[in-house]
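# Topology and contacts: notes
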Amino acid sequence: KICIASTVNYFATRLLSKFCEKYKTVGISLDVINREELIKRLEANEPDLVLMGQPPDELDVEAKAFMENPLIVIAAPQHPSVGRKKIPIQEMAEETFVMREPGSGTRTAMKRVFDQFGVEPKLGIQLSSNETVKQSVEAGLGLAVVSSHTVELELEAGRLVSLDVENFPVVRKWYVAYRRGKQLSTTARVFLEFVLSEGG
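A few points on the structure. Keep in mind that this is a model prediction, so the values were computed, not measured. Each chain has its residues counted from 1, following the order in which its sequence is written. The predicted origin of the model limits local features to residues at a pLDDT of at least 70 and limits the giving and counting of side-chain atom pairs to 80 or more, whereas totals for whole chains, interfaces and linings rest on all residues. Just so you know, side-chain values use all the structure's heavy atoms and leave hydrogens and water out.

Runs of H or I in DSSP of at least four residues are treated as helices and runs of E of at least two as strands, each being numbered from the N terminus. In a helix, the anticipated span is given by 1.5 Å times the number of residues less one. The first and last C-alpha atoms of helix α3 (residues 105-116) sit 17 Å apart over twelve residues, in line with the 16 Å expected at 1.5 Å per residue. Any pair of residues with heavy atoms lying within 4.5 Å of one another is described as a contacting pair. On its buried face, α3 sits against α2 (35-43), β4 (61-75), β5 (96-100), β6 (122-127), β7 (144-147) and β9 (170-179). Taking the backbone nitrogen of Thr106 as reference, a side-chain oxygen 3.3 Å away marks Ser104 as the first, capping residue of α3. Once α3 finishes, Gly118 follows within two positions and takes phi at roughly 65°, a positive value. Here a polar contact means two N or O atoms within 3.5 Å. Within protein one must be a hydrogen donor candidate and the other an acceptor candidate, and residues neighboring in sequence count only if both atoms are side-chain atoms.

Following this line, the structure appears as structure tokens:
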């Protein structure tokens, strides 16, 4: 039983497909949920394993990083800053940002980096899914900070553009985690080892 943060969903299916190909008799129950709900389930010790961003400090968990998670600033192709080099991060205070809901790992990381440089961007629309964030940016409703894993196809197709903002990308990590002291089944342990060796 695996729970994954909604942003992980963009690559988790490829990872699970490789695992199921190798271990054909294993059945997987997969829940895709936001960070807040994921932490609640981890606290209740419900899933065998979770795939998530930075694990919460307040929870006693075993967590191992398995892949980098670069956060980038995205814009619609017609945005005036497209093509500029080394855009000062302070200019982001003049921009409207489309954001995920409070409690989202991406939003927390974005706030942390902007706070570090005294930047307070204008909050535009607040949305609860990566898909609607991407569509809103594409429609010109503002910029967004997202995991590069969520926008691979849109960047390739030219529907979105990654801006060259100073101090970005912010490189975080993806983790596989479980409650400390949990007795993992043989299958869960095999999946854990698979994620650590193949996840990257």
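What follows concerns the packing of aromatic side chains. Put simply, two rings from Phe, Tyr or Trp (the six-membered ring, in Trp's case) pair if the centres are within 6.5 Å, and we call them stacked under 30 degrees between planes, edge-to-face over 60, tilted for the rest. Applying the stated criterion across every chain, the model contains seven aromatic pairs. With a centroid separation of 6.3 Å and an interplanar angle of 65°, the aromatic rings of Phe11 and Phe66 are classed as edge-to-face. Of this pair, Phe11 sits in helix α1 (residues 9-22) while Phe66 sits in strand β4, placing them 55 residues apart in sequence. Burial classes follow relative accessibility: with a 1.4 Å probe on protein chains only, a residue under 20% of its type's maximum area counts as buried, one over 50% as exposed, and anything between as partly exposed. Overall, Phe11 belongs to the buried group, its relative accessible area being 6%.

To get an axis, fit a line to the C-alpha atoms, keeping to the stretch in contact for a helix; angles then go from 0 to 180 degrees between the N-to-C directions. Between α1 and helix α6 (residues 186-198), whose axes approach to 11 Å, the crossing angle comes to 120°. Judged by the inter-axis angle, α1 sits oblique to α6. Both α1 and α6 take part in a crossing whose hand is right-handed. Taking contact as the criterion, the partners of Leu15, Leu16, Lys18 and Phe19 in α1 are, on α6, Val190, Phe191, Phe194, Val195 and Glu198. The class makeup of the residues in the contact of α1 with α6 is seven nonpolar, no polar and two charged. Orientation categories follow fixed angle ranges, with anything under 35 degrees roughly parallel, anything over 145 roughly antiparallel, 65 to 115 roughly perpendicular, and all other angles oblique. Crossings are sorted by hand: turned counterclockwise from the far helix by less than a right angle, the near helix makes the crossing left-handed, and turned clockwise it makes it right-handed. When residue character is reported, Ala, Val, Leu, Ile, Met, Phe, Trp, Tyr, Cys and Pro are called nonpolar, Asp, Glu, Lys and Arg charged, and the others, Gly included, polar.

This brings us to the environment of Leu123. Secondary-structure assignment places Leu123 in strand β6. Assessed through its relative accessible area of 43%, Leu123 is described here as partly exposed. A C-alpha to C-alpha distance of 11 Å links Leu123 and Arg107, two positions 16 residues apart in sequence.

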